[in-house]
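Below, each chain spelled out in residue letters.
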Amino acid sequence: QVQLVESGGGLVQAGGSLRLSCAASGRTFSTYAMGWFRQAPGKEREFAAAISRGGGTTYYTDSVKGRFTISRDNAKNTVYLQMNSLKPEDTAVYYCAARRGILAAATSAEYDYWGQGTQVTVSS
């Protein structure tokens, strides 16, 4: 079974930056589209960003567009989420997800594998 392990979360001041990493096990990483979701306290899990399996196409939810960048390094079996200009409302547990297929997707039901999550806290 594919395992996803997030890292890079922590506490950062508003306006600061943070980079999350998601390391995937196995030899089929390049066959998966990847995504990042987040869940704030008292809220439902929501889509943040996604990337196609080749890395050529990316999608973002409006609230992070222009501030977050998703990327992947298939040689390292790793997907990244670079987060700049962080706001307190970005505070959430961030989850890495993998989807069998080429296209990125924005709903959790379309993903097959999930990481355990990493906490991101943005202070004002």
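One structure accompanies this document, and this report is about it. (Residues numbered from 1 in each chain as written. Predicted model: local features only at pLDDT ≥ 70, side-chain atom pairs only at ≥ 80, totals over all residues. Heavy atoms only, no water.)

### A word on the pairing of strand β1 (residues 4-7)
Then step 1. Here β1 shows a clear split, with L4 and E6 buried on one side and none of V5 and S7 buried on the other.
Then step 2. In the sheet, β1 pairs with strand β3 (residues 18-24) via 4 bridges, with the strands oriented antiparallel. Bridge pairing links L4 to A24 in β3. (Buried < 20%, exposed > 50% of the residue type's maximum accessible area, 1.4 Å probe, protein only. Helix = DSSP H or I, 4+ residues; strand = E, 2+ residues; numbered from the N terminus. Pairing = 2+ DSSP bridges.)

### What to know about the state of the cysteines
Then step 1. In total, this model carries 1 disulfide according to the counting rule given.
Then step 2. Disulfide pairing places C22 opposite C96 at an S-S distance of 2.1 Å. Measuring the twist about the S-S bond at about -80 degrees, one finds the C22-C96 disulfide to be left-handed. One end of the pair, C22, is in strand β3; the other, C96, is in strand β9 (residues 92-100), and 74 residues separate them in sequence. Just as C22 is buried, C96 falls in that class too. (Disulfide = S-S within 2.5 Å.)

### Notes on the sheet that holds β3
Then step 1. Strand order in the open sheet made by the 4 strands is β1-β3-β8-β7, with antiparallel pairing throughout. One side of each edge strand has no neighbouring strand; the edge strands of this open sheet are β1 and β7 (68-73). Within this sheet the neighbouring strands show an average axis-to-axis angle of 15 degrees, counted without direction. (Axes fitted to C-alpha atoms, helices over the stretch in contact; angles between N-to-C directions.)

### Re unusual backbone geometry
Then step 1. Look at N77: it is not a glycine, yet its phi comes out positive at around 55 degrees.
Then step 2. Looking at the secondary structure, you find N77 in the loop between β7 and β8 (78-83).
Then step 3. For S85, which is not a glycine, the phi torsion comes out positive at approximately 50 degrees.
Then step 4. Here S85 lies in the loop between β8 and β9.

### Some remarks on the pattern of salt bridges
Then step 1. Enumeration according to the criterion identifies 5 salt bridges in this entry.
Then step 2. Residue R38 pairs with E46 through a salt bridge whose shortest N-O separation is 2.9 Å.
Then step 3. Owing to a relative accessible area of 35%, E46 belongs among the partly exposed residues under this scheme.
Then step 4. Note that D90 and R38 form a salt bridge whose closest N and O atoms lie 2.9 Å from each other. Of this pair, D90 sits in the loop between β8 and β9 while R38 sits in strand β4 (residues 32-39), placing them 52 residues apart in sequence. Comparing D90 with R38 shows no difference in burial state: the two are buried.
Then step 5. Through salt bridges with shared partners, a single network forms among R38, E46, R67 and D90. (Salt bridge = Lys/Arg side-chain N within 4 Å of Asp/Glu carboxyl O.)

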